[in-house]
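Architecture and fold: a report
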Amino acid sequence: MRIFLVLTIFFIGLAQTRADSWQPTPGQVQTAIWPAAIPDATPVKQPESVIVAAGHGGWMQINDVSTPTMTVYPPKGKNTESAVIVFPGGGFRVLAIDLEGTEICDWLTSRGITCVLLKYRVPGGNDYWDEKCQCRIYPKIPRALQDAQRTIKLVRSKAKELALNPQKIGVIGFSAGGYLVAQTSNIFTSAYSPVDAVDKLSSRPDFAIALYPGHLCRAGVFNTSIRVTKETPPTFLLQAWNDPVDPICNSTLYARELNKAGVAAEVHFFAKGGHAFGLRETDHPIAAWPSLVERWLKEIGIL
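Residues numbered from 1 in each chain as written. Predicted model: local features only at pLDDT ≥ 70, side-chain atom pairs only at ≥ 80, totals over all residues. Heavy atoms only, no water.

In the annotation of an unreviewed UniProt entry, the protein is listed under the name Alpha/beta hydrolase fold domain-containing protein and assigned to Duganella fentianensis.

1. Considerations on the state of the cysteines
On inspection of all chains with the given rule, the structure shows 2 disulfides. Between Cys 105 and Cys 115 runs a disulfide, and the two sulfur atoms are separated by 2.0 Å. Disulfide Cys 105 to Cys 115: torsion about the S-S bond roughly -60°, handedness left-handed. Of the two residues, Cys 105 sits in helix 2 (residues 98-110) while Cys 115 sits in strand 8 (residues 114-119), which places them 10 residues apart along the sequence. A residue is classified by how much of its surface remains accessible, and Cys 105, at 0% relative accessible area, is buried. Linked covalently through their sulfurs, Cys 217 and Cys 249 form a disulfide whose S-S length is 2.1 Å. Its torsion about the S-S bond being -95°, the disulfide of Cys 217 and Cys 249 is classed as left-handed. Highlighted residues: Cys 217 in strand 13 (residues 217-218) and Cys 249 in helix 5 (residues 249-260), separated in sequence by 32 residues. Comparing Cys 217 with Cys 249, the two get one shared label, buried. (Disulfide = S-S within 2.5 Å. Helix = DSSP H or I, 4+ residues; strand = E, 2+ residues; numbered from the N terminus. Buried < 20%, exposed > 50% of the residue type's maximum accessible area, 1.4 Å probe, protein only.)

2. Digging into the nonpolar core
With 83 residues, the main nonpolar core has Tyr 120 and Trp 289 as its most contacted residues. For this core, the leading source of residues is helix 3 (residues 143-157), giving 6 residues. Setting aside residues up to four positions removed in sequence, Tyr 120 forms contacts with Val 65, Pro 68, Phe 87, Pro 88, Gly 89, Phe 92, Leu 95, Ala 144, Asp 147, Ala 176, Gly 177 and Leu 180. (Core = buried A, V, L, I, M, F, W, Y, C linked by side-chain atoms within 4.5 Å. Contact = heavy atoms within 4.5 Å.)

3. Some points on unusual backbone geometry
Residues other than glycine seldom take positive phi values, yet Ala 219 does so here, at roughly 55°. Taking the relative accessible area as the measure of exposure, Ala 219 reaches 85% and is therefore exposed. Look at Ala 276: it is not a glycine, yet its phi comes out positive at around 55°. Along the chain, Ala 276 turns up in the loop between strand 16 (265-270) and helix 6 (289-299).

4. Concerning the sheet that holds strand 6 (residues 83-87)
Adjacent strands of a sheet pair through backbone hydrogen bonds, lying either parallel or antiparallel. Strand order in the open sheet formed by 8 strands is 2-5-8-6-11-12-15-16, and the pairing between neighbours is mixed. Strands with a single pairing partner mark the edges of an open sheet, and in this sheet they are strand 2 (30-32) and strand 16. On average, adjacent strands in this sheet sit at an angle of 20° to one another, irrespective of strand direction. With 4 bridges joining them, strand 11 (residues 169-174) and strand 12 (residues 208-211) adopt parallel strand pairing. Residue pairing for strand 12: Val 171 is matched across the bridge by Ala 208. (Pairing = 2+ DSSP bridges. Axes fitted to C-alpha atoms, helices over the stretch in contact; angles between N-to-C directions.)

5. Observations concerning the side chain of Thr 232
Mapped onto the elements of the fold, Thr 232 is located in the loop between strand 14 (221-222) and strand 15 (235-240). Judged by its relative accessible area of 4%, Thr 232 falls in the buried class. Within the local environment of Thr 232, its side chain forms a polar contact with the side chain of Asn 186, the two groups lying 2.5 Å apart. (Polar contact = N/O pair within 3.5 Å; in protein donor to acceptor, adjacent residues only side chain to side chain.)

Okay, here's the thing in structure tokens:
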């Protein structure tokens, strides 16, 4: 009985909501990605909040993001002059801001890479989830893509300021963030009307890393809104075969399209690993994915 009570209290604590919005660690500053009005803004239903959710040892979940921001984490040690923009997952309903965000930045910066963490819009579940049918829907206005494209352009515009090579700016995303990787890798037409001179720059990433992506496989068929061409950047793709959230077809179908278009790609499938493991998986070979990414980055000339 005592163990049961302790566990109950523990999980209640994990689900406790903090009313304040997410803030990065001291010394880091998040900045708005839009200079004035946010395009296609939705009415704010409730303010942004943070909870520590159960699973994976506890992870920080941001709810109701209506004001997108980016946070720049400078490289540690030698600067490779490369940058990676991180798209956390969360099913376009929430953001796994530490599990698939700040922890990823800690790894990247330790390798001399500038990390840019994007807190993209998920206002009240965003447009990708319908509470009535409890199902995924696909919006006419891709607000998360707007935020992702804008951030890539912003980072490219700040290349000199951040001591970056403007041709070494890539993206990494997890789950729903992996879908944003596929979108930004293949949709180069702006999803919003230009707001300033920054929008004259390209939003195409120079390389792309997608881990356990979702939304690419619909009823066993590849998402027709993603049209892979020879302009798609070099891509690293990884997923576990036993992923219980996003079926393996999200990666197998994308890999097939990359191959058909002649895109240089490195693809890894593992028997076990599940979903949303980030850097916390320790029991299966899939835990070696960061070293695989590093070797790939060296091979394509980024590191």
